[in-house]
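# Breakdown of the fold
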Amino acid sequence: MDRQFEDVAARHDRQKTLHVGILVFPGVEVLDFAGPFEVFSVASRVSKRDLGVAQPFTVSLIGARRDTIEARHGMGVLPHYGFDDAPAVDLLIVPGGLMGQPLDCALTHAWVKRASAQAALTASVCTGAFLLGKLGLLDGRPVTTHWEDIDELRATFPQLEVRENTPFIDTGRVVTSGGISAGIGMSLHLVERVLGAGMAAATARQMEYDWTPSAPN
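Structural notes, computed from the coordinates. Quantities reported herein were computed from a predicted structural model and do not represent experimental measurements. (Residues numbered from 1 in each chain as written. Predicted model: local features only at pLDDT ≥ 70, side-chain atom pairs only at ≥ 80, totals over all residues. Heavy atoms only, no water.)

### Considering the packing of aromatic side chains
Scanning all chains against the criterion turns up 3 aromatic pairs. Residues F40 and F57 carry aromatic rings whose centres are separated by 5.0 Å and whose planes lie at 70° to one another, so their mutual orientation is edge-to-face. Here F57 lies in strand β2 (residues 57-63) and F40 lies in helix α2 (residues 30-51), a separation of 17 residues in the sequence. Residue classification places F40 among the buried positions, given a relative accessible area of 0%. An angle of 10° between the planes, with centres 5.1 Å apart, marks the rings of F83 and W111 as stacked. (Phe/Tyr/Trp six-rings, centres within 6.5 Å; stacked < 30°, edge-to-face > 60°. Helix = DSSP H or I, 4+ residues; strand = E, 2+ residues; numbered from the N terminus. Buried < 20%, exposed > 50% of the residue type's maximum accessible area, 1.4 Å probe, protein only.)

### Digging into the sheet that holds strand β5 (residues 81-82)
Remark on secondary structure: sheet strands pair via backbone hydrogen bonds, oriented parallel or antiparallel. A sheet is described by the order of its strands in space; here 7 strands give the open sequence β5-β2-β1-β6-β7-β11-β10, paired in mixed fashion. Of all strands in the sheet, those with a lone pairing partner are β5 and β10 (168-170), marking the two edges. Sheet topology note: the strand β1 (residues 18-23)/β2 ladder contains 6 bridges and is parallel. For H19, the partnering residue across the bridge sits in β2 and is T58. The sheet strands contacting α2 are β1, β2, β6 (91-94) and β7 (121-125), and the helix crosses β2 at an angle near 155°. Contacts from helix α7 (residues 182-195) reach β1, β2, β6, β7, β10 and β11 (174-177), with the element oriented near 150° to β11. (Pairing = 2+ DSSP bridges. Contact = heavy atoms within 4.5 Å. Axes fitted to C-alpha atoms, helices over the stretch in contact; angles between N-to-C directions.)

### Some details on helix α4 (residues 106-118)
In an α-helix, one full turn covers 3.6 residues, which means residues spaced three or four apart are oriented alike. The end-to-end C-alpha distance of α4, which contains 13 residues, comes to 19 Å, matching closely the 18 Å that a straight helix rising 1.5 Å per residue would cover. Every buried residue of α4 is listed here: T108, H109, W111, V112, A115 and S116. Each element contacted by the buried residues of α4 is listed here: β1, β2, β6, α3 (100-104), β7 and α5 (128-134). (Expected span 1.5 Å × (residues − 1).)

### Topic: the environment of S60
Among the secondary structure elements, S60 is positioned in strand β2. Each C-alpha atom of the pair S60 and L121 lies 15 Å from the other, and the pair is 61 residues apart in sequence. The residues touching S60, leaving out its near neighbours within four places in the chain, are H19, V20, G21, I22, H80 and Y81.

### A closer look at the environment of V143
With respect to the element layout, V143 can be found in strand β8 (residues 142-143). Since its relative accessible area comes to 1%, V143 is described here as buried.

### Points about the packing of α2 against α7
Any two packed helices are characterised by how steeply their axes cross, that is the angle between the axes, and by the distance between the axes. Interhelical geometry of α2 versus α7 gives an angle of 30° and a closest axis separation of 8 Å. Taken together, α2 and α7 sit at an angle that is classed as roughly parallel. The two elements α2 and α7 cross, and the hand of that crossing is right-handed. For the pair α2 and α7, contact is made by L31, G35, P36, V39, F40 and A43 and by G183, I184, S187, L188, L190 and V191, respectively. Residues of the contact of α2 with α7, tallied by class, amount to 9 nonpolar, 3 polar and no charged. (Parallel < 35°, antiparallel > 145°, perpendicular 65-115°, else oblique. Left-handed = near helix turned anticlockwise from the far one by under 90°. Nonpolar A, V, L, I, M, F, W, Y, C, P; charged D, E, K, R; others polar.)

These results come straight from atomic positions and should not be treated as a statement about function.
Set out below in structure tokens:
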């Protein structure tokens, strides 16, 4: 197991509960954040039901402020925390969507850099890779994003090795995934890395999601 991900498992052993923090912002793609939110939440419920163990994950939506934002397609989302009062996260997830606001927001940049430095693992879904790339968090790593945005990611960050035709790429401390529903598969992979393949499969079954473990590229 990669040393950085050993740190995640160690945090789980010590603290019993890992905090999964998911960034939300105006124009965020709904399934990009809601898919991982569901996976980690269901994994905690199934773990407690099937194994009788303490809650392995707590999941929070974190925005600039604790004010309702409008996600893509007009869905209203109320974050659990703002940047000022958000607790430290163990797993940071940066979703995609309409990226103009987060890419131009200095407060978002500062919080994501701070949260990523504290976290044992940082992951992006879809065009969330553009934000991680802008902050230098993808340097030296192979990465991926939504198939429609592969060319733009390559053009914007020519120093990165951008791979296509892969659902996710796990480099240890940083994971990037394709778009929208690919974030669900990536999150199940992360559950597998923390809790094992059996619990990841049980989580997928509870969600009625067709999933089998796949080796990251």
